[in-house]
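# Notes for the structure review
Chain residues, written in single-letter form:
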Amino acid sequence: MKSLIQRLVETNGPSGYEAQVRALVRTEVEPHAEQVRVDALGNLIAVKGQANSNGRKLMLSAHMDEIGLIATYIDEKGFIRFTSLGGVNRLNLTGSRVRFLDGTPGVIGAEQLEDSSRLPSFDQLFIDVGASSRVDCPVRVGDTAVFERPFLDLGERLAAKAMDDRIGVAILIETLKRLDGTPNQVFFVFSVQEEVGLRGATTAAYGLDPDIGIAVDVTRSGDTPKGVKMDVQLGKGPAVKVRDSGMLSDPRVVDWMVRTAEQAGLPYQLEVLEGGTTDARAIQLSRAGVPTGCISIPCRYIHAPSELVDLGDVENAVNLLVALIQQAQPFGEHP
């Protein structure tokens, strides 16, 4: 899967501007899906199978967008002021390289601070694209940019910008390719604008009205020096989400995932995330409610220019998803 992952992470697509990523994903999924369409908000939806008498409508969702920056003002010397698209951490900005969607590269600089121990605020940061005036600056207000980082192959560990959530996109693509028959109708949703409020998954879930929802996204890891206290590690398998700050996974879905992983001999972890949420929240709250869960890929340095995952966790997430989708009526009503 390394080649697919590299192509996905090196394609730029901040929230609301996912067209290049969507085109790449469409090329990958069209030969393997029975129907592919793009909805009004820009979600790409690939359909596989037709539910039989024992089957369900399943919605799988991974978001195509990545965090980014958007130009708000260009001063008389050609320096670009900007704000964030999604949860951009100011800790990672000064000195970082960015690239605008038209190909223009730039470097983030900061004003001289009176207190060098404090992080600069967004209004103290700027992007330098080598211009000398507003007139010769190739960037205009409203233009968007992402971090400029190439894919880094560390063997079993992979690092790049936009692993959140192109790694989930890669997992859905690979699951679709490997799926050989299912009693369910499966909607593979490659969603937009997750980083700015789960917007794509919200509209997609409303339109599809699924019986069960599963999001695939990254989660934090607790295995770095003096890092967050969290019982999730790279290389220990995909994490079955129990809770995050936006949703409680349906206990029936959690049990189904755990039972399936154990029966298939697949490694897994249980995830309780204290901050952040995923497309699963939007699916769960759609219409009259949807039993929903989430498979999470442990990831170091989330929302930094270089996010790091374990390839074994990715492969096992694909294996788990395929095993889940091949089952009919995985659980009953609430007791």
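Just so we're clear, the structure is a prediction, and the values are computed from it rather than from any experiment.

## Some points on the environment of Ile70
Following the sequence through the fold, Ile70 ends up in strand S4 (residues 68-74). Here Ile70 falls in the buried class, since its relative accessible area comes to 19%. In this structure Ile70 touches Arg81, Phe82, Thr83, Leu85, Gly142, Asp143 and Thr144, once residues within four positions along its chain are discounted.

## A look at the sheet that holds strand S11 (residues 157-160)
The antiparallel open sheet is built from three strands, whose spatial order is S10-S11-S17. At either end of the open sheet lies a strand with only one pairing partner, and these are strand S10 (152-154) and strand S17 (307-310). The average angle at which neighbouring strand axes cross in this sheet is 20 degrees, direction not considered. Contacts between helix H7 (residues 311-325) and the sheet are confined to S11 and S17, with S17 contributing the most and set at about 60 degrees to the helix.

## Description of the pattern of salt bridges
Tallied over the full model, the rule gives 15 salt bridges. Across the salt bridge formed by Arg7 and Glu28, the nearest N and O atoms sit 2.6 Å from each other. Separated by 21 residues along the polypeptide, Arg7 in helix H1 (residues 2-9) and Glu28 in helix H2 (residues 19-29) bring together distant segments of the chain. With relative accessibility at 34%, the residue Arg7 sits in the partly exposed group. Here Arg26 and Glu30 are joined by a salt bridge, their closest N and O atoms 2.9 Å apart. On the basis of relative accessible area, Arg26 is assigned to the partly exposed category, the value being 28%. A network of salt bridges, in which partner residues are shared, links Arg7, Glu28 and Lys177.

How each quantity is defined
The numbering scheme is per chain: residues are counted from 1 as the chain's sequence reads. Predicted model: local features are reported for residues with pLDDT of at least 70 only, side-chain atom pairs are reported and counted for 80 or more only, and whole-chain, interface and lining totals are derived from all residues. As a rule here, side-chain values cover all heavy atoms of the structure and leave hydrogens and water aside. Secondary structure elements follow DSSP: runs of H or I of four or more residues count as helices, runs of E of two or more count as strands, with numbering from the N terminus. Only protein chains enter the accessibility calculation, which uses a 1.4 Å probe. A residue is then buried if its area is under 20% of the maximum for its type, exposed if over 50%, and partly exposed in between. Contacts between residues were defined by any pair of non-hydrogen atoms, one from each residue, lying within 4.5 Å. Two strands are said to pair when DSSP picks up at least two bridges between them. Only C-alpha atoms enter the line fits that serve as axes; for helices the fit covers just the stretch in contact. Angles between N-to-C directions range over 0 to 180 degrees. Throughout this description, the term salt bridge denotes a Lys or Arg side-chain nitrogen within 4 Å of a carboxyl oxygen of Asp or Glu.

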